[in-house]
Every structure is written in structure tokens, then in C-alpha cells.
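What follows is the residue order along each chain.
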Amino acid sequence: MFENERGLMAKGIPTANDIIVARKLLDSTIRVTPLLKSNTFSELTGSSIFLKYESFQKTGSFKVRGACARINSLTLEQCKNGVIAASAGNHAQGVSYAAMKRSIPCKIVMPENASPAKVAATKSYGAEVILAGTTYDESWEIAKTISENERSIMIHAFDDPVVIAGQGTLGLELMESLNDIDKIYIPVGGGGLASGVGLIVKSRRPNVKIIGVESKQFPAMKESISHKNPVTIKGGFTIADGISVKSPGQTTFEICSKYLDDVVLVDDISIVETMFLLMEREKVVVEPSGAASLAYILSLGKQTHNEKIISILSGGNVDMYLLGQIVAKGLMQMGRMTKIFIQLPDMPGALKSVVDRIADMSVNIVQVEHDRLSSNVGAGLAGVYLSLELEDKKHAKKLLDYLREVGIKFRVVI
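Engineer: I'm lost on the overall build of the protein chain in this one. Help?
Structural biologist: Of the regular secondary structure elements, the protein chain holds 16 helices and 14 strands. Taking the principal axes of the C-alpha coordinates as reference, the protein chain spans close to 80 × 50 × 40 Å. Split into buried and exposed, the 414 residues of the protein chain put 55% on the buried side. Partitioning the contacts of the protein chain with sequence separation of at least 6, the portion at a separation of at least 24 is 71%. By element, 51% of the accessible surface of the protein chain is carried by carbon and sulfur atoms, the whole surface being about 18,600 Å².

Engineer: Just checking my understanding: could you explain the environment of Lys 393 for this structure?
Structural biologist: Mapped onto the elements, Lys 393 comes out in helix α16 (residues 393–405). Look at Lys 393 and you get exposed, because its relative accessible area is 55%. Distance from Lys 393 to Gln 333, taken between C-alpha atoms, is 9.0 Å for residues 60 residues apart in sequence. Discounting residues that sit within four places of it in the chain, Lys 393 has contacts with Gln 333, Met 334 and Gly 335.

Engineer: Help me understand the sheet that holds strand β4 (residues 106–110), please; the structure alone is not making it clear to me.
Structural biologist: Hydrogen bonds between backbone atoms are what pair the strands of a sheet, whose relative direction is either parallel or antiparallel. Ordered by their spatial adjacency, four strands build an open sheet running β5-β4-β3-β6, and the pairing between neighbours is parallel. Both edges of this open sheet fall to β5 (128–131) and β6 (153–154), since each of them pairs with a single strand only. Both strand β3 (residues 83–86) and β6 contribute to a ladder of two bridges, which runs parallel. If you follow Val 83 over to β6, its bridge partner there is Ile 153.

Engineer: What should I look at first to understand the packing of aromatic side chains in this one?
Structural biologist: Two measures describe an aromatic ring pair: the distance that separates the ring centres and the angle between the ring planes. What the rule picks out here adds up to four aromatic pairs. Each ring, one from Tyr 97 and one from Tyr 125, has its centre 5.9 Å from the other, and the planes form 85°; the classification is edge-to-face. Here Tyr 125 lies in the loop between α6 (116–123) and β5 and Tyr 97 lies in helix α5 (residues 90–101), a separation of 28 residues in the sequence. A ring pair is formed by Tyr 185 and Tyr 296, whose centres lie 6.0 Å apart and whose planes are at 35°; its orientation type is tilted. Of the two residues, Tyr 185 is situated in strand β7 (residues 183–187) and Tyr 296 in helix α13 (residues 288–299); the sequence distance between them amounts to 111 residues. Given a relative accessible area of 16%, Tyr 296 falls into the buried group.

Engineer: Explanation requested: the pairing of strand β11 (residues 337–345) in the structure shown.
Structural biologist: Working note: regular strand, side chains alternate between the two faces of the sheet. Taken across its nine residues, β11 has seven buried, putting it largely inside the fold. The sheet contact formed by β11 and strand β14 (residues 411–412) spans two bridges and is antiparallel. If you follow Ile 340 over to β14, its bridge partner there is Val 412.

Engineer: It is not clear to me how helix α7 (residues 136–150) should be interpreted in this structure. Could you clarify?
Structural biologist: Note: α-helices contain 3.6 residues per turn, so residues at a spacing of three or four share the same orientation. The first and last C-alpha atoms of α7 sit 21 Å apart over 15 residues, in line with the 21 Å expected at 1.5 Å per residue. Burial in α7 covers these residues: Ser 139, Trp 140, Ala 143, Ile 146 and Ser 147. With its buried residues spanning 125° around the axis, α7 presents them on a single face. For α7, exposure combined with an orientation more than 90 degrees from the buried face picks out Glu 148 and Asn 149. Along its buried surface, α7 packs onto β3, β4, β5 and β6.

Engineer: Is there a simple way to explain the sheet that holds strand β8 (residues 209–215) in this structure?
Structural biologist: Spatially, the six strands line up as an open sheet ordered β1-β2-β10-β7-β8-β9, and their pairing is mixed. Because the sheet does not close on itself, it has two edges, and the strands there are β1 (35–38) and β9 (262–266). With direction set aside, neighbouring strand axes in the sheet form an average angle of 30°. Pairing of β1 with strand β2 (residues 48–53), which is carried by four bridges, proceeds in the antiparallel orientation. Across the sheet, residue Ser 38 finds its bridge partner in β2, namely Ile 49. Along the sheet, helix α10 (residues 220–227) makes contact with β8 and β9, crossing β9 at roughly 145°.

Engineer: What is the right way to look at helix α15 (residues 350–360) in this model?
Structural biologist: Turning to α15, its buried residues number three or more, namely Ala 350, Val 354 and Ile 358. What you see down the axis of α15 is that its buried residues fit within an arc of 65°, all on one side. In this structure, the buried side of α15 is in contact with β11, β12 (364–371), β13 (381–389) and α16. One or two steps after α15, the chain reaches Ser 362, where phi turns positive at roughly 55°.

Engineer: Before we go on, may I ask you to explain the side chain of Thr 338 in this structure?
Structural biologist: Locating Thr 338 in the fold gives a position in strand β11. With a relative accessible area of 9%, Thr 338 lands in the buried category.

Engineer: What is the right way to read unusual backbone geometry from this model?
Structural biologist: With glycine set apart, most residues show a phi of negative sign, and most peptide bonds adopt trans. Positioned with a positive phi, Asp 180 is a non-glycine residue whose angle comes to about 55°. Along the chain, Asp 180 falls in the loop between α8 (161–177) and β7. In this model, Lys 283 sits at a positive phi of 65°, which is unusual for a non-glycine residue. Position of Lys 283 among the secondary structure elements: in the loop between α12 (268–282) and α13.

Rules behind the numbers
- Residues numbered from 1 in each chain as written.
- Predicted model: local features only at pLDDT ≥ 70, side-chain atom pairs only at ≥ 80, totals over all residues.
- Heavy atoms only, no water.
- Helix = DSSP H or I, 4+ residues; strand = E, 2+ residues; numbered from the N terminus.
- Buried < 20%, exposed > 50% of the residue type's maximum accessible area, 1.4 Å probe, protein only.
- Contact = heavy atoms within 4.5 Å.
- Areas by Shrake-Rupley, 256 points an atom, 1.4 Å probe, with all protein chains shown as cover.
- Pairing = 2+ DSSP bridges.
- Phe/Tyr/Trp six-rings, centres within 6.5 Å; stacked < 30°, edge-to-face > 60°.
- Expected span 1.5 Å × (residues − 1).
- Arc of directions from axis to C-beta.
- Axes fitted to C-alpha atoms, helices over the stretch in contact; angles between N-to-C directions.

All quantities given are derived from atomic positions and should not be read as evidence of function.
Structure representation (C-alpha cells):
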């Protein structure tokens with residue numbers, strides 16, 4: 001392990017002192033994000049829930065902490081050939097922003113199928129974006145080759161001691177903002193954030209429980225800790241792409257194994273409901289990965305013991321098309337929207353009789369779709385899809401029971 005000219009450890013396991021040094025390097029380049037108690041989520045869980053809004057961070061994610069620490073730690077000699085990273089999301093923007101602040105040339109290799117919005121956001125910070133590779137792993141290998149050929153500095157997304165130290169500055173803010181913390185829930189992908197926060201918090205408040213939250217589809221850290229060695233998992237599909245990592249880094253594995261009290265898993269359904277609640281109740285947009293830790297807390301239901309719990313909302317960069325789906329699916333999962341299919345005689349007034357019955361139950365019809373051509377619609381009939389807005393699941397059941405009572409035949413589509 002050795003120190004570079006700016007005082008940070010460039011190899012090995014970072015220390016608590018490295019996180020202190022990293023914080024000095026981040027002065028004026030990042031925000032101290034708010035830690036606020038949520039009355040809504042406190043009531044739902046029976047504990048005092050505090051939300052750390054890294055979604056308000058510059059570039060919209062905690063990733064900029066590690067990127068700025070790494071790039072601000074470089075000497076002028078190290079900077080002369082620029083920096084390079086591989087990323088399809090938040091790390092790309094963090095590295096681009098950090099390089100822009102120091103006027104360092106920056107290249108980001110992104111998969112060819114990367115979101116156009118994320119490509120545009122990365123370019124907006126002045127980076128040269130190279131679309132190459134069909135997966136992140138392929139893009140990473142291409143970036144390594146470019147780095148070797150051009151002698152540019154490779155900025156890893158998580159398995160780098162200086163990056164980890166930068167992420168750990170978030171832990172300092174938590175301890176300065178709140179006394180008597182009982183638990184901290186942290187989303188885990190590669191493990192950089194959990195490593196940094198876990199290391200600094202445990203060094204000062206060893207009794208605080210640090211709990212990592214992974215997607216059920218990508219339990220890489222949980223499996224690695226269970227096997228006592230980093231493993232590579234197959235993985236599945238999750239909307240929480242920011243934590244869809246197949247294998248943790250060696251350094252992050254070693255730190256998380258030592259400092260995390262537990263690693264738990266959360267599913268996409270819980271994440272969707274939590275994103276919806278954050279928008280409706282807290283008036284904030286949080287990306288799927290950023291909502292994972294709170295989603296797990298809410299999935300536990302109301303607890304009998306009142307604890308001070310922190311949930312880190314790690315980012316707020318979400319695709320607008322996905323956000324629209326989240327709103328629709330959130331309404332459906334909470335019983336506040338349903339869609340039914342009815343076949344009616346294709347004649348004037350047939351639909352009105354159904355609409356009047358629905359109006360009797362104070363239900364709002366959001367959308368009406370007619371279908372006369374599908375094979376399942378009989379001749380002389382019209383198929384009608386009705387999207388309905390309701391108060392909750394009880395209201396939905398009451399409506400459907402009423403429609404059956406008055407003799408209206410229907411099929412619930414969603």
C-alpha cells in the first residue's frame with residue numbers, strides 16, 4: 001500500500017483516515033445531501049425512518065463522490081493522458097463531471113445499447129462517449145485496452161480504494177446529522193458504497209447495524225459472503241440495473257465481509273411500490289436501485305420496536321419511459337387502478353348502462369378502448385377495455401362485486 005502525492009492510499013484496503021482525506025478532496029465539488037425524517041414511512045414501519053437524499057447529489061447519484069475522490073487525487077503527471085471508465089449509467093456521469101471540474105480529457109465506453117438519455121447526459125459533462133460492446137463486461141475490456149494503449153488512468157466503478165474512500169464520505173455525513181443510529185440500510189451492487197459507509201461508521205460507532213440490500217435477481221455479495229470468497233452469479237432481470245452486478249470486487253468483498261451485519265434481498269414489486277410512494281408522499285423521484293433499501297424496510301411491514309433507521313436513497317437518475325411505467329404499475333399493485341374487459345351488444349346505449357353502474361360506485365374511468373376485430377369478440381358484439389381509477393384494493397373489490405351483482409359480465413385484465 002502506498003500514498004500518492006495527495007495523501008490517499010492508491011492500493012489495498014482504505015482506512016478511516018483515507019475517508020477523512022477524501023472528504024477534503026471533495027470540498028466544493030459535491031453537495032452535502034439532506035438527511036430527513038419521513039413521517040409517512042415512520043408511520044408505516046413503526047420506526048423512525050430517516051432518508052438520505054443522494055438523489056439530490058450532483059449528477060443525481062452518490063457515484064460522483066468516488067469519481068471525484070479518485071480524479072482529484074491524481075497528480076498533474078497522472079492526468080496528462082486523461083481518464084477513462086466503462087459504465088452504462090451513474091458512474092459514467094460521475095467520472096465525466098469530475099474530469100470536467102479538473103479540465104482533464106475523459107473517455108467513457110458505454111455498451112452499444114446504452115440509453116440515449118444516459119449517453120446524452122454523459123456527453124453534457126464534456127466526455128467523449130465510445131459506444132462499444134454489447135454488455136458492460138465487453139465495454140470494460142475495451143476500456144482497459146484503450147487505457148493501456150493511451151496510458152490513460154482507468155477509473156473503476158467500485159473496486160478501488162480511493163473510490164471506496166470517496167463513497168465513505170457519505171457515512172461521515174450520516175453520523176454528523178443523526179445521533180443514536182440503530183441501523184443503516186444501503187443498496188449493494190459492486191459494494192463500493194456499502195464498503196465506504198460500513199468502514200467509517202463501524203470505526204466510530206461499532207454498535208450501528210449496517211445492512212446491505214441487493215436485488216433478488218443479483219445476490220452476488222450475499223452469495224460471495226456465504227462462500228467466503230467472491231463468486232460470479234448468472235443473474236436475472238431487474239429494473240434496478242444500478243445494482244445488477246454479477247460479481248463484487250475483491251476489495252469490496254473483503255470490506256463488506258468484515259463490516260456488514262447482514263445482506264438482504266428485495267424484489268422488483270417492492271421497488272416499484274416504493275418508488276411510487278416516494279413520488280406521491282415525499283414528492284421525490286428516486287431510481288430503482290436508489291429505492292431498494294427503503295423497499296426492503298417497507299416489505300417488513302410494521303414492527304413493534306421503535307428504532308432510528310437510515311435508508312440511503314442512492315440516486316435519482318431514471319429513464320422517463322420507465323418512470324411512466326412505474327406510475328402505472330404502482331397504481332395497479334396498490335389496487336388504485338384496474339382494467340376490465342366487457343363484451344357488449346354493438347348498439348347505441350349499451351356502453352352507457354355499464355358506465356352508469358361504474359359511476360354509482362364513484363369510480364373514475366381513465367381510458368376506454370373499443371375492440372370489434374379480435375377473434376375472441378363475437379359477431380354483433382363490441383369488446384370494451386375500461387381502465388378504472390379507484391381509492392384502494394377494498395374499493396376495487398367493492399366495485400367488482402357490485403358489477404357481478406347487477407349482472408355485468410367482465411374479465412379483469414390487470
